Amino acid sequence: MGRVEELRDQTVWKSDPHTQVKHLVYRHYLQCWMAKILQTFPEATIVDAFSGPGVYSDGPAGSSIVVAKTFLEHTAHRRFGRLNLICLEERPDRVEELQRQFTELPQSPQLKVSIQPPGAFAEQQARLASLAHLGRPETPVLWLIDPFDLKSAPFTSIRQCLGGPRDEVLFTLFTNELHRFCQRDGFDKTMTGYFGGTHWQTAIAERRAGTRKEAFAAAYQQGLQDLGLFTGGFGIKISNQSARYHLILATHSEAGLKCWAPVTWKLDSYSGQGASADTADAPSLFDEASVVDRLDVALRAHAGTEQRWETLSSEAARLNHMDKHLRKVLDHLAAQGLAIRVDPVKARTAWPEGSTVRFYAPDDVADEAS
Ligand SMILES: C[S@@+](CC[C@H](N)C(=O)[O-])C[C@H]1O[C@@H](n2cnc3c(N)ncnc32)[C@H](O)[C@@H]1O
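Throughout what follows, the structure given in this document is the object of discussion. Predicted, not measured: the structure shown is a model, and the values here were computed from it. (Residues numbered from 1 in each chain as written. Predicted model: local features only at pLDDT ≥ 70, side-chain atom pairs only at ≥ 80, totals over all residues. Heavy atoms only, no water.)

Considering the sheet that holds strand S9 (residues 306–308)
For step 1, the next point in the chain: An order of S9-S11-S10 is seen for the three strands of this open sheet, with the pairing classed as antiparallel. At either end of the open sheet lies a strand with only one pairing partner, and these are S9 and strand S10 (339–343). Across the sheet, the mean angle from the axis of one strand to that of its neighbour is 35°, orientation sign disregarded.
For step 2, the next point in the chain: Relative to strand S11 (residues 356–359), S9 runs antiparallel, the two being bridged by three bridges. Following the sheet pairing, Gln-307 is matched in S11 by Val-357. (Pairing = 2+ DSSP bridges. Helix = DSSP H or I, 4+ residues; strand = E, 2+ residues; numbered from the N terminus. Axes fitted to C-alpha atoms, helices over the stretch in contact; angles between N-to-C directions.)

Describing the site of the ligand
For step 1, the next point in the chain: Not every one of the 20 residues close to the ligand is listed here, only the nearest: His-23, Tyr-56, Glu-89, Arg-94 and Asp-146.
For step 2, the next point in the chain: Separating an oxygen atom of the ligand from a side-chain N or O atom of Lys-22 is a distance of 3.1 Å.
For step 3, the next point in the chain: Between the ligand and Glu-89, the relevant distance is 2.7 Å, taken from an oxygen atom to a side-chain nitrogen or oxygen of the residue.
For step 4, the next point in the chain: For the ligand, whose unbound accessible area comes to 610 Å², protein coverage reaches 94%.
For step 5, the next point in the chain: Residues belonging to the shell around the ligand are distributed by class as follows: eight nonpolar, seven polar and five charged. (Near = heavy atom within 4 Å. Polar contact = N/O pair within 3.5 Å; in protein donor to acceptor, adjacent residues only side chain to side chain. Areas by Shrake-Rupley, 256 points an atom, 1.4 Å probe, with all protein chains shown as cover. Nonpolar A, V, L, I, M, F, W, Y, C, P; charged D, E, K, R; others polar.)

Focus: the side chain of His-74
For step 1, the next point in the chain: Among the structural elements, His-74 can be located in the loop between helix H3 (63–72) and strand S2 (82–87).
For step 2, the next point in the chain: Within the local environment of His-74, its side chain forms a polar contact with the backbone oxygen of Gln-31, the two atoms lying 2.9 Å apart.
For step 3, the next point in the chain: Those residues in contact with His-74 that sit more than four places away from it in its chain are Gln-31, Met-34, Ala-35 and Phe-80. (Contact = heavy atoms within 4.5 Å.)

In structure tokens:
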């Protein structure tokens, strides 16, 4: 049986390397999100809106079970507030299998699992949002949106998932399908619904598969940023092929980005932008040579000014870099005389939190005698 028939005809289907990498991203992100959110708020919710049956035919757990296990096995879980896990799946046979999978997990009074009757995401979104917020818009809600196709998660629904001030979305963007079908006759209506506008058309100018897929991911993120959101993106690929799909994070909070950047750098220690099954979690062979050019350019633009550590750290996060990258680039600039810590005068490390850094232009440090 082919893959398409398997997905259509069977209740459970076989896992693949892409799924494993996607679940690694989920697990790393959830570990950070849970530690931050569930130790700050008494209650929060995760909605797995395309949950599937909770298991693959060759053994690995499905996403809802991955979420529950990440919670139950978290080292800080005893200090956590309550997590509500709401699961939605369209097919009755998969809902039934998911219920069976949960009976095999240990119970915890802090984890409330609610498997919804079979239903379609776009139709159920408003009802799920009100369930998830527990009557308070400020309840943190993380939505996992992981469909099989372009039609079942239009941008209007994604936007509605981000209505509350602490709502976040982790979305599977079908960059491979976008690349293959974007120029088919009659497909532009689907594309526009998926992106919530015609800005996807800018990606068509890119001819190469890899760059076009990246351009689609950038366009999707732009649509979210235009709503005032912070975003991150990560390509899921096999070996050195271009990404099959991207995971896109949308969040109202810079703290969300600060959880996201370490995930992407952990899975791709060279650029933090995409991983394949064979490179995910590989030791950081490239750590010294990792791509920090964007951050280098951004910091050089501060020439002639003083900047507080917090501003620099936040700028780094928006460029999907961690504080360790910021320190590395500052070391590099300091070696050329282009950055100097002006406060505090004495410190145990070169770039402590709370410090102030003054930046210079190459002309400022040019040797006048030469
Ligand atoms: C990509 S699979 C989900 C895999 C799962 N999230 C995981 O990582 O283990 C998509 C699932 O969504 C279900 N589905 C398809 N259309 C749906 C819709 N409109 N609303 C909710 N579920 C849907 C499919 O039956 C399928 O089980």
